[in-house]
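Chains, contacts and geometry: an overview
Each chain, written out:
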Amino acid sequence: MKLLCAGPTSIDKRVMDAMGQFLTNPDLDPEYTKFHRNVEKKISKLLKTEATSFLMLGEAIMGLEGAVCSLMERGERVLVLHNGYFGKGFSDYVERYGGKAVELKFDYRRGIDLKKLNEFLDKDSDFSIATFVHCETPSGITNSIKEIAGALNKRGILTIVDSVSAIGGEEINFDEDKVDILIGGSQKCLSAPVGLTTITISQRAKEKIAKRKTKVSSYYLNFENYYNYTYDSFDFPYTMNENLVYALNMALDILFEKDSINLHKKYAESTRKTIEKAGLKLYPLDSHSNTVTAVLSPEGIDAREITRKMREHGMIISGSIQDIEDKVFRIGHMGNNINKENFIELFQKLDIVFEELGVKLKTSLKDQFEKEINK
Ligand SMILES: *Cc1c(COP(=O)(O)O)cnc(C)c1O
């Protein structure tokens, strides 16, 4: 199956080969620690910061939960900004760990509106933490970290940002953008296997954690265990999976070889133009993501039919979730999915699927994509 979905993405053979190595005992070998810290530094480099980054063994949801339970104390009010499903999901972590989630909902087809956020904050800014999502993957919308985290930072509010589907594919300036905790995942634009969460954390967030009056309600998810670990002679709170880290290391080296941000932009723009020129409609009304394109299914066609038929043609693209499950299909131009031949094949197969479904397009998607990408 060819993967052109919104993650997990396809993986370069060099990454799988690196993963297959078995070299050492990660608990007992100081050379491993050095290597591991260097991989963490590559994450910071990707975010143009000297701030601490660390890796957690687990899928990225673990990082989202860990960020909330490490930074927040029981009873605290947390501002949950949401213009999509992952954004709203933060309320669940907040409430489970005894916080009070105050939701501010935005249009689910647009980026978070800075004006509306500021108007809200003028009335109520009594929060020490706010959460939001960088790229809302199910709807293909990328929020501006710079604007939103900047506005929150001005009011002294720390930000937790879910950048799982954007890290490596969208420009991030961790320091300048004033983010406090940024969560990434290995399996989207980084194109490494599922299983690692990346965390980058500001000094401001570390200080809040250091001043906690109550203990973090989780051992495994406690961020301080990762960046301040000093128990016995061990460097990590639990045994690391060296193979996943070798894979991530190679995936990052491959990413640094390319002009990853511009490559994502180019494929995203070509995909959007192709879709629109063929007479199809994009789901987002602004703030289009450079890592995933969400397309509205034509009138009368269930989007799940499109993804099912694409699988019959050997290609996995994504559907969506909840109330847009039947209305939206998505193309992931993420990391190692980006490859001209695969994209031409994708649009060729989509041409066939639409014909099978009796949908008349204004132009062949394949021909249009070839024009756009070769501009
Ligand atoms: C993929 C993703 C996650 C991780 O969620 P899974 O459903 O476990 O893949 C978290 N946040 C965002 C925005 C994502 O795209």
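Residues numbered from 1 in each chain as written. Predicted model: local features only at pLDDT ≥ 70, side-chain atom pairs only at ≥ 80, totals over all residues. Heavy atoms only, no water.

1. Looking at the packing of aromatic side chains
All chains considered together, the criterion is met by 17 aromatic pairs. Aromatic pair Tyr32 and Phe35: ring centres 5.9 Å apart, planes at 50°, arrangement tilted. Pair noted here: Tyr32 and Phe35 are both in helix H2 (residues 30-46), with a separation of 3 residues, about one helical turn. In textbook terms, an aromatic cluster arises when at least three aromatic residues are bridged by ring pairs, as seen for Phe54, Tyr220, Phe223, Tyr226, Tyr227 and Tyr238. (Phe/Tyr/Trp six-rings, centres within 6.5 Å; stacked < 30°, edge-to-face > 60°. Helix = DSSP H or I, 4+ residues; strand = E, 2+ residues; numbered from the N terminus.)

2. Notes on the site of the ligand
Lining the immediate surroundings of the ligand are Glu59, Ile61, Phe86, Cys135, Thr137, Asp162, Val164, Ser165, Gln187 and Lys188. Thr137 places a polar side-chain atom, nitrogen or oxygen, 2.3 Å from an oxygen atom of the ligand. Lys188 is positioned such that a nitrogen or oxygen atom in its side chain is 2.8 Å from an oxygen atom of the ligand. (Near = heavy atom within 4 Å. Polar contact = N/O pair within 3.5 Å; in protein donor to acceptor, adjacent residues only side chain to side chain.)

3. With respect to the nonpolar core
One finds Leu79, Leu81 and Ile181 to be the most contacted residues of the largest nonpolar core, which totals 82 residues. Here this core takes 9 residues from helix H9 (residues 242-257), the largest share from any one element. Ignoring sequence-local partners within four residues, the contact set of Leu79 consists of Val102, Leu104, Leu117, Phe120, Leu121, Phe127, Ile129, Ala130, Thr131 and Leu152. With 28 residues, the next largest nonpolar core counts Leu282, Ala303, Leu357 and Val359 among its residues. (Core = buried A, V, L, I, M, F, W, Y, C linked by side-chain atoms within 4.5 Å. Buried < 20%, exposed > 50% of the residue type's maximum accessible area, 1.4 Å probe, protein only. Contact = heavy atoms within 4.5 Å.)

4. Some words on the layout of surface pockets
Computed from the structure, the largest pocket encloses a volume of approximately 230 Å³. As for the largest pocket, its lining consists of Arg37, Glu40, Lys41, Ser44, Thr49, Glu50, Ala51, Thr52, Ser53, Phe54, Tyr226 and Tyr227. The element best represented in the lining of the largest pocket is H2, accounting for 4 residues. Counted by class, the lining of the largest pocket contains 4 nonpolar, 4 polar and 4 charged residues. (1 Å grid on protein atoms, 1.4 Å probe; cavity = no way out; pocket = protein on both sides within 12 Å on 5 of 7 lines; lining within 4 Å. Points joined across faces, edges and corners; volume = space filled by probe spheres on them. Nonpolar A, V, L, I, M, F, W, Y, C, P; charged D, E, K, R; others polar.)

5. Describing the sheet that holds strand E11 (residues 281-282)
Each strand in a sheet pairs with another by means of backbone hydrogen bonds, the pair being arranged parallel or else antiparallel. Overall, antiparallel pairing links the 3 strands, which are arranged E11-E12-E14 in an open sheet. Of all strands in the sheet, those bounded by a partner on one side alone are E11 and strand E14 (328-332). Direction of pairing for E11 relative to strand E12 (residues 292-296): antiparallel, over a ladder of 2 bridges. Each bridged residue has a counterpart across the sheet, and for Leu282 the counterpart in E12 is Val295. (Pairing = 2+ DSSP bridges.)

6. Brief notes about the state of the cysteines
Taken as a whole, this structure holds 0 disulfides when the rule is applied. The structure places no disulfide on Cys135, whose sulfur is separated from the nearest cysteine sulfur, that of Cys189, by 7.7 Å. Looking at Cys135, the relative accessible area reads 2%, which means it is buried. (Disulfide = S-S within 2.5 Å.)

7. Remarks on the environment of Gly319
Residue position: Gly319 is located in the loop between strand E13 (315-316) and E14. Taking the C-alpha atoms as reference points, Gly319 and Glu305, 14 residues apart in sequence, are found 9.5 Å from one another.

8. Quick look at unusual backbone geometry
With an omega of -5°, the peptide bond running from Gly7 to Pro8 counts as cis. Mapping Pro8 onto the fold places it in the loop between strand E1 (2-3) and helix H1 (13-19). Even without glycine at this site, Lys48 takes up a positive phi of about 55°. Residue position: Lys48 is located in the loop between H2 and strand E2 (52-57). Exposure remark for Lys48: the relative accessible area of 45% places this residue in the partly exposed category. One non-glycine residue, Lys178, adopts positive backbone phi at about 65°. Of note, Lys178 is situated in the loop between strand E8 (158-162) and strand E9 (181-185).

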